[in-house]
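# Coordinate analysis (summary)
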Amino acid sequence: MSLSRHPLVIITVLVGISVSMGGAILEYHRVSKVEQVKFVQQAQECLKLIGKTLDTHLNFLESVRDFYGATQFVSRKEFRVFVGRFLREHSAPRALAWIPRVPENERETFEVMGKAETNSDFYFKERSPEGEWTSAESRSEYFPVYYLEENEKNTLEPGFDFGSSETELEALNRARISGHSVATEPAKAGESKNGKTFVVLDPIYKNSAPIATPTDRWGNLSGLAVGVFNLDDLVESSLGILRNAQIDTAIFETRSGSEAALIYFRDSGPKPQGQPITLAVPTLAKATSQFHVSDQFEVGRRTWTIVCLPHGLRWFSGLRRFPFHIFFAGAAFTLIIAGYLLTVLRRTEEIEKLVSARTAELMGAKQQLEKENGKRKRVQKLLELQARALQSQRTAALNMMEDAQEAKSKSEQAEQRLSTQAEELLRSNRDLEQFAYVASHDLQEPLRTVVSFATLLEKRNSDRLNGDSKEYLQFMVSGALRMQSLIQDLLAYSKVARGELHKEPIDLREIVKTVLKNLDAAVKESGCQVRVDPLPTLQVNRGQMQQLFQNLISNAIKYRAHNPPAVRISSIRSREGFLITVEDNGLGIEAKHFERVFIIFQRLHTDSDNKGTGIGLAVCKKIVERHGGKIWVESEPGKGSRFRFILPPPSALDQAA
């Protein structure tokens, strides 16, 4: 029997194969999209982790510079204690060093002191053309490695004069003139047994010396904080749980007058022992022409482009692995249905032939019976179709009920987990605030004792103390008073976040008047002009609002420029509430520090410029947030600052209360 006589079978086969192919194509695209999204998410997290690690290491080198800027003298032991813990906790820094600027006439003094402090044959040295260490040639000034702490031996040589190396000297002079940290090219920084390293130099100037111009910075350089970092360890220590992800990492450095150079490549695939890794991405153009995720970072005045690429085609294996199983399963089911239809049709033809033969013999007698039999068959088929439809509806309803019950169960579990996490976070915050409050109280008494007895010792023995002893006592008292100030500010910060916030309707102009009375001496002494525009009456806490305005106005006076300070306080109504602006004509803030100024203990100026602990703006942020608002800063260096914060309007319930 030919299939051409049964178009229903042919149509069934064609429709079934088409549906199977369509389902396979949909699954193909779904798997491809899922793997692409997964790669993008992990690659973005990889870039975020590497950037955070870079900031951590470079910020610590800046903290070494600030450590020297906070005191007049740092001993070798103090340097070791300050940098030792960071070296133990991080594998990327190979070494951290202090390099002083030593004039020719002080070379002998430094070499003698170095020998005495290190108990070794310390001297100023340089590399000969044959690679041997020799005594440094006579120069007008030297930059020897004087204080040195290492994670890996032979990273830097004690006494090595940076002025004897063209690469290091070029980077040193750029840092000296610019006043910013400068990094050497990793390709020229030397190869260690574990990969490439690069050197970052951060200039340190004499305390209170002018550094406004390149000439000032050149003449008043005190020394440099130096860090030697390993690229392999820096990237590996960043990745964490993403270390085994199938993501290749390439780092390119943009250099003037040439294409970006590849300085690092991490192949996430298996590495055969004893065989070198072949760089699959030699240029930035080739890397960015493929599917990738990238970002740019500035490292020591150098621009690095970090590109994350899928390793080989592992991430997109679904693109090559077409889901033929879905197609073949659908095709097989279609063939079974077609075979069943063909069998039924064949049996029907045979029955029709038999009936036709018997009908010829019994035509007269069985005509009525055949009519009734035909009706019965049609009714039976209709009943079968209805039964099948009812069975399909029943099965679909049961599946929907099971899916609904499963979804409800998962939703209840998720809500329970969120509730538990919220309770744990709230309890943790309360414990931290209580700890800060208690620790601040308990730490003040020992500091008062130190200050009192140090002062008493100086008074009673002033005639027996030499100049150095008196200076050390003054350092002790100054440090204890600064710590006491820090603790008092920390206690004030803790009080802002603790306890119930009692609010009442208050005219903000009255708050500002009270603050100006408190700051009357500072306002008159600085010649400050304060302009207060109309301000709203809001539902706030009186004490915290006074602290907020007092911190902002006193900062405007403290960080003033050469002209007498001028402060303007204004308010406008916005969709979110009342926008309050405190504007000054002071020194201004660079855009990169906008977020940092609101972080506790983060300062943009040293104690020699302006006294402070770096808590004032953090307290302001906490006060505004506790009132349901937000605070930010808009500023340009030399053009003053505008601190803006939004306070929500009083609700109907607050007004009734």
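Preceding this paragraph is the structure being described.
Along each chain, residue indices are assigned from 1 in the same order as the chain's sequence is written. Reporting of local features is limited, given that this is a predicted model, to residues whose pLDDT is at least 70; pairs of side-chain atoms are given and counted only at 80 or more, and all residues count toward the totals for whole chains, interfaces and linings. The basis for every side-chain value is the complete set of heavy atoms in the structure, and neither hydrogens nor water enter the calculation.

Note on geometry: axes are lines fitted to C-alpha atoms, helical ones only across the stretch in contact, with angles between N-to-C directions running from 0 to 180 degrees. A run of DSSP states H or I qualifies as a helix once it reaches four residues; a run of E qualifies as a strand once it reaches two. Both are numbered from the N-terminal end. Running from amino to carboxyl end, helix H12 (residues 508–518) crosses helix H14 (residues 542–558) at an angle of 55°, the nearest separation of the two axes being 9 Å. By the angle between their axes, H12 is oblique relative to H14. Regarding H12 and H14, the two cross each other, and that crossing is right-handed. The residues of H14 that touch H12, namely those facing Leu 508, Ile 511, Val 512, Thr 514, Val 515, Leu 516 and Asn 518, are Arg 542, Met 545, Gln 546, Phe 549, Gln 550 and Ile 553. In this scheme, roughly parallel covers angles under 35 degrees and roughly antiparallel covers those over 145, while 65 to 115 is roughly perpendicular and the rest are oblique. Two helices that cross are described as forming a left-handed crossing if the nearer one is turned anticlockwise from the farther one by less than a right angle, and a right-handed crossing if clockwise. Contact criterion: two residues are considered in contact whenever any of their non-hydrogen atoms come within 4.5 Å of each other.

With that out of the way, let us pick up the sheet that holds strand E16 (residues 529–532). The strands that make up a sheet pair up through hydrogen bonds in the backbone, lying either parallel or antiparallel. Here five strands make up an open sheet; going across it, the order is E16-E18-E19-E21-E20 and the pairing mixed. Since the sheet does not close on itself, it has two edges, and those belong to E16 and strand E20 (630–635), each with one partner. Mean inter-strand twist for the sheet, computed between neighbouring axes without regard to direction, equals 15°. Strands were regarded as paired on the criterion that DSSP finds at least two bridges between them. Here seven bridges tie strand E18 (residues 566–573) to strand E19 (residues 578–584), and the two strands are oriented antiparallel to one another. Paired with Arg 568 across the two strands is Glu 583, which belongs to E19. Against the sheet, helix H15 (residues 616–626) contacts E20 and strand E21 (641–647), and its axis sits at roughly 135° relative to E20.

Further remarks concern the pattern of salt bridges. Salt bridge, as used here, is a side-chain nitrogen of Lys or Arg placed within 4 Å of a carboxyl oxygen of Asp or Glu. One pass over the full model with this rule turns up 29 salt bridges. The closest approach of N and O atoms between Lys 592 and Glu 590, which form a salt bridge, is 3.8 Å. Given a relative accessible area of 59%, Lys 592 falls into the exposed group. When its relative accessible area of 39% is taken as the criterion, Glu 590 is described as partly exposed. Where salt bridges share partners, they join Arg 65, Asp 66 and Asp 202 into one cluster. Partly exposed residues are those whose accessible area sits between 20% and 50% of the maximum for their type, while under 20% is buried and over 50% is exposed, using a 1.4 Å probe and protein chains only.

Moving on, we come to the side chain of Glu 185. For Glu 185, the position within the fold is in the loop between strand E7 (182–183) and strand E8 (191–192). For Glu 185, the contacting residues outside a window of four places in its chain are Glu 253, Arg 255 and Arg 302.

This part covers unusual backbone geometry. Located in the positive-phi region is Asn 119, a residue other than glycine, with phi close to 55°. Here Asn 119 lies in the loop between helix H3 (107–118) and strand E3 (125–127). Even without glycine at this site, Ser 208 takes up a positive phi of about 70°. Among the structural elements, Ser 208 can be located in the loop between strand E9 (195–205) and helix H5 (214–219).

With that settled, consider the sheet that holds strand E14 (residues 302–310). The antiparallel open sheet is built from four strands, whose spatial order is E12-E11-E14-E13. One side of each edge strand has no neighbouring strand; the edge strands of this open sheet are strand E12 (261–266) and strand E13 (293–299). Averaged over all pairs of adjacent strands, the angle between their axes in this sheet comes to 20°, without regard to strand direction. Relative to E12, strand E11 (residues 247–254) runs antiparallel, the two being bridged by five bridges. Along E12, the bridge assignment pairs Glu 253 with Ala 261.

Looking now at the packing of aromatic side chains. Here the aromatic set is Phe, Tyr and Trp, taking the six-membered ring for Trp, and pairing holds for ring centres within 6.5 Å; pairs whose planes are under 30 degrees apart are stacked, those over 60 apart are edge-to-face, and all others are tilted. On inspection of all chains with the given rule, the structure shows 17 aromatic pairs. Plain terms: the ring middles of Phe 60 and Phe 82 are 5.7 Å apart, the flat faces sit at 20° to each other, and that makes the pair stacked. Taken as a pair, Phe 60 in helix H1 (residues 7–69) and Phe 82 in helix H2 (residues 76–89) lie far apart in primary sequence, 22 residues in all. With centroids separated by 5.3 Å and ring planes inclined at 65°, the aromatic side chains of Phe 110 and Tyr 146 adopt a geometry described as edge-to-face. Residue Phe 110 is located in helix H3, and its partner Tyr 146 is located in the loop between strand E5 (141–142) and strand E6 (147–150); the two are separated by 36 residues in the primary sequence. Residue Phe 110 shares its accessibility class with Tyr 146, and that shared class is buried. An aromatic cluster of three or more residues is present, and its members are Phe 79, Phe 110, Phe 122, Phe 124, Tyr 142, Tyr 146 and Tyr 147. The residue whose ring lies beneath Arg 76 is Tyr 146, and the NZ or CZ to ring-centre distance is 5.0 Å. Two limits define a charge over a ring: the Lys NZ or Arg CZ must be within 6 Å of the ring centre, and within 35 degrees of the ring normal. Seen from the ring of Tyr 123, Lys 125 lies directly overhead, with NZ or CZ sitting 4.4 Å from the centre.

Attention now goes to the nonpolar core. Only buried residues count toward a nonpolar core. Its members are Ala, Val, Leu, Ile, Met, Phe, Trp, Tyr and Cys residues joined through side-chain atoms within 4.5 Å. Judged by nonpolar contacts, the single largest core of 49 residues is most densely connected at Tyr 68, Phe 79, Phe 198, Ile 251 and Trp 304. A per-element tally of this core places H1 first, with 11 residues.

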